[in-house]
Amino acid sequence: MTTEDIPDSTLAPPDVIFQNINFSVRATYNVFSDKRKTILHNINGEFRAGELTAIVGPSGSGKTTLLHILAGYKKNFCGSVLINDIDRFSSPEKSCYIMQEDCLHPLLKVVEIMTICAHLKLGDNYSNNAKSLRVKKILESIGLGTVLNTLTGNLSGGQRKRLGIALELIDNPPIMFFDEPTSGLDSSSTKQCVAMLRNLARQNRAVICTLHQPSATVVEMFDHLYCLSNGRCCYAGDPVRVSDFVKVTGLECPPYHNPADFLLEVVGGEFGDYNSLLMSQIENGRVHTWRKIIPEWASPEQLSDEGEKVTTPDIPLIVNLDKTLSRTSLRSDSEFNASFCNQLSTLLKRCCLVTMRDKFHMYSRLVMHLIIGVLIGTFFFGMGDDAGRVFNNFSLFFFSTLFLAFSALQSTVISFPLEVPIIRKEYFNRWYSVGAYYLANTLADLPIQMGCAMFYCSSVYWMSGQPREFTRFVMFTFICTIVSLLAQSIGYFVGSSMRVMNGVMFGPLFIMPWVMMSGYFIQKRDAPGWSQPFFTMSYLRHGMEGLAASIYGYARLPLPCITEDYCHLRAPTKILKELDMVDINYSINVLVILGIYLFFKILTYFVLVYQLRVKR
């Protein structure tokens, strides 16, 4: 892109209009019951560009639900949401949704996370220099120029809020949604945050946010107030005119009392039930006579003389770089601006950077496997080359597969759910595709998990007296590695499907049933007929067979009898027969384990897609 884009002034400012929005949820966990609870009752409204809109109401009134619907986060509703008379889900206008939780990687620096975001959101059409200048200018404009090299985990609450806004300003969205942007902030930070949001709105953006009990000073900084109560609209208009509107009930706001608090007290029923009257006066959001009159296409300079006490630096809508960034330049037929390869490389760098910075987690995994390997190697020292201790050596195989499976599973079950909120926010705001993130995450952690298996096997194999043959060592280590990767893939599946608490409880259920079919407690030939297919599907049994083949297979010479006067199981073929593993094939065991690994990887991908696209 070498020519300037069409300037934003040629684009109509995005007005968000919603009509007859009705939303309900299942009222009970009983799957056989069709009883539903209605959250929003046919509400209407219009949130215009150039205005800063606040959605207020008592707890449980439907504020966040309405914001979810307008942002496109929820789709199973009745009614219509239009952007400039075009359906919300067909409109070319892009929007961003900044949630209440600060979903940021705590181990990334401010400039790093902004640069990563720029590469993902601006795509391949802009040079690295243009992206860097864009990042620098936004951070300076938003007041984060002095904390460029600070880890996001060390930022204050207000700085984290501003960083969340800065990330979404990268691709210049004309519509911005905020879920309680002032929560957790003190009075001064709240005013600065709202002033910054108003600056954004003054640049012909539609800025819409929910608030919980705003102060009088903060309410007056908004252009439009939309009040909900029990899923119905009780007021929509100028915050300054709230007192006049409430007079229709016969009540009057006391002097020096916060009008917004008084409105919430009225709709909350502290003075009686006036909700029906208020809703009829505003016609459930259809009446617009109480709105503040703002000049159309007004510039920030024209609207800056309102006696505002709190100001912030102007945040440019278009950054005049070598390549101009405008709303039209970022419109494309694809859902994401960056190509899949660009997404993958950027996310892979981010995942590797986060992994390397999380030194405690990385080193603890590696050191734990090394320590356990040395400990087990000490207990089973020299038993692998003794025909009198064949069954003890088989116990070593069982412990190795079980330990590697459990350690990989539990590590992922606990850590991956913590990533899901970040993935959900970034995916919804169109940073990257699910496939790009999933592949990058898999590739970034692959060396660490392989290193864990290598550390364990390097100590256990040689200390336990297994054959001094490098080929057998590689076969032994490879089986242990793919078993741990398979268990890790199961951990990803569990972690993406449920919360940490549930995952810790249900995760072992994906291992323990297959332990009984591993061939250690009961052999396949002695098991009931109905259980024979489960032995074939048990990845732990295939792991055990692979280890047995690597140690006792491939024409190994008879074992010496060291600790016993007579050893019946000296011949490796006789050992395998005793273990019910006569016809084992190492290659088939590897293929089965890898096949189950790919199955869970693909299954986890679809679970993630379901979680991010459907279950919101």
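Residues numbered from 1 in each chain as written. Predicted model: local features only at pLDDT ≥ 70, side-chain atom pairs only at ≥ 80, totals over all residues. Heavy atoms only, no water.

Stated formally: UniProt positions are given in the numbering used here, feature names are shortened, and annotations may be inferred rather than shown by experiment.
Per UniProt, the chain has the following entry under Subcellular location (unreviewed entry): "Membrane". Under Sequence similarities (unreviewed entry), UniProt gives the following word-for-word description of the chain: "Belongs to the ABC transporter superfamily. ABCG family. Eye pigment precursor importer (TC 3.A.1.204) subfamily."

## Points about the sheet that holds strand β5 (residues 86–87)
Definition in use: One bridge is not enough; two strands pair if DSSP finds at least two bridges between them. A run of DSSP states H or I qualifies as a helix once it reaches four residues; a run of E qualifies as a strand once it reaches two. Both are numbered from the N-terminal end.
Ordered by their spatial adjacency, 4 strands build an open sheet running β2-β1-β4-β5, and the pairing between neighbours is antiparallel. Of all strands in the sheet, those with a lone pairing partner are β2 (36–47) and β5, marking the two edges. Sheet topology note: the strand β4 (residues 78–83)/β5 ladder contains 2 bridges and is antiparallel. Opposite Leu 82, over in β5, you have Asp 87 as the bridge partner.

## Quick look at a nonpolar patch on the surface
Just so we agree on the cut-off: Residues with no salt bridge and a relative accessible area higher than 30% make up the patches, which join like charges within 9 Å and nonpolar side chains (Val, Leu, Ile, Met, Phe, Trp, Tyr) within 5 Å. Accessible surface area values rest on a Shrake-Rupley calculation with a 1.4 Å probe, where residue burial reflects the displayed protein chains alone. The rule for a salt bridge is simple: a side-chain nitrogen of Lys or Arg has to be within 4 Å of a carboxyl oxygen of Asp or Glu. The buried label goes to any residue with under 20% of its type's maximum accessible area, the exposed label to any with over 50%, and the partly exposed label to all in between, with areas taken from a 1.4 Å probe on protein chains only.
A surface patch of nonpolar side chains, amounting to about 300 Å² of accessible area, comprises Leu 370, Val 374, Met 454 and Phe 455. Of all the secondary structure elements, the ones that give two or more residues to the nonpolar patch are α11 (359–379) and α13 (434–463). By the secondary structure assignment, Met 454 is in helix α13. Since its relative accessible area comes to 38%, Met 454 is described here as partly exposed.

## A look at the pattern of salt bridges
In total, this model carries 13 salt bridges according to the counting rule given. Here Asp 171 and Lys 121 are joined by a salt bridge, their closest N and O atoms 3.3 Å apart. Of this pair, Asp 171 sits in the loop between α4 (157–169) and β7 (175–179) while Lys 121 sits in helix α2 (residues 110–122), placing them 50 residues apart in sequence. Given the relative accessible area of 8%, Asp 171 is considered buried. On the accessibility criterion, Lys 121 (1% relative accessible area) is buried. Among the salt bridges present, the one from Glu 426 reaches Arg 350, with a minimum N-O distance of 3.0 Å. Here the residue Glu 426 occupies a position in helix α12 (residues 390–428), and Arg 350 occupies one in helix α10 (residues 340–357), the gap between them amounting to 76 residues. Exposure remark for Glu 426: the relative accessible area of 1% places this residue in the buried category.

## Focus: the environment of Gly 507
Put simply, the rule is: Contact criterion: two residues are considered in contact whenever any of their non-hydrogen atoms come within 4.5 Å of each other.
Locating Gly 507 in the fold gives a position in the loop between α15 (500–506) and α16 (512–515). A relative accessible area of 0% places Gly 507 in the buried class. Measuring from C-alpha to C-alpha, the distance between Gly 507 and Leu 409 comes to 7.2 Å, with 98 residues separating the pair along the chain. Sequence-distant contacts of Gly 507, defined by excluding residues within four places in its chain, comprise Leu 409 and Val 494.

## Observations concerning the sheet that holds strand β6 (residues 95–98)
Rules: Only the contacting stretch of a helix is used when fitting its axis, a line to C-alpha atoms as for every element, and angles between N-to-C directions run 0 to 180 degrees.
Read from one edge of the open sheet, 6 strands run β6-β7-β8-β3-β9-β10, paired in mixed fashion. Two strands bound the open sheet, and with one partner strand each, they are β6 and β10 (232–237). On average, adjacent strands in this sheet sit at an angle of 15 degrees to one another, irrespective of strand direction. Where strand β3 (residues 52–56) lies against strand β9 (residues 224–229), 4 bridges are found, and the strand directions are parallel. Along β9, the bridge assignment pairs Val 56 with Cys 227. Strands β3, β6, β7, β8 (206–210) and β9 of the sheet are contacted by helix α1 (residues 63–71), whose axis makes an angle of about 155 degrees with β7.

## Observations regarding α12
Definition in use: Expected helix span is given by 1.5 Å per residue-to-residue step, counting one fewer step than there are residues. Here the bend at each residue means the angle between axes fitted to two seven-residue stretches, the one ending at that residue and the one beginning there.
An ideal rise of 1.5 Å per residue puts 57 Å on 39 residues; α12 measures up with 56 Å between its terminal C-alpha atoms. If you look at α12, its biggest bend is around 30 degrees, right at Phe 416, and the proline Pro 417 turns up within four residues after that. A large share of α12 lies buried, amounting to 30 of its 39 residues. The positive-phi residue at the C-terminal boundary of α12 is Arg 430, with phi of around 65 degrees.

## Section: the state of the cysteines
Inclusion rule: Two cysteine sulfurs form a disulfide in these notes if their separation is within 2.5 Å.
Tallied over the entire structure, the rule returns 1 disulfide. Each sulfur of the disulfide joining Cys 561 and Cys 567 lies 1.8 Å from the other. Where Cys 561 bonds to Cys 567 through sulfur, the torsion about that S-S bond is close to 70 degrees, and the disulfide is right-handed. Note on Cys 567: relative accessible area 7%, which makes it buried. Unpaired in terms of disulfides, Cys 351 finds its nearest cysteine sulfur in Cys 352, a separation of 6.9 Å. For Cys 351, a relative accessible area of 10% gives the class buried.

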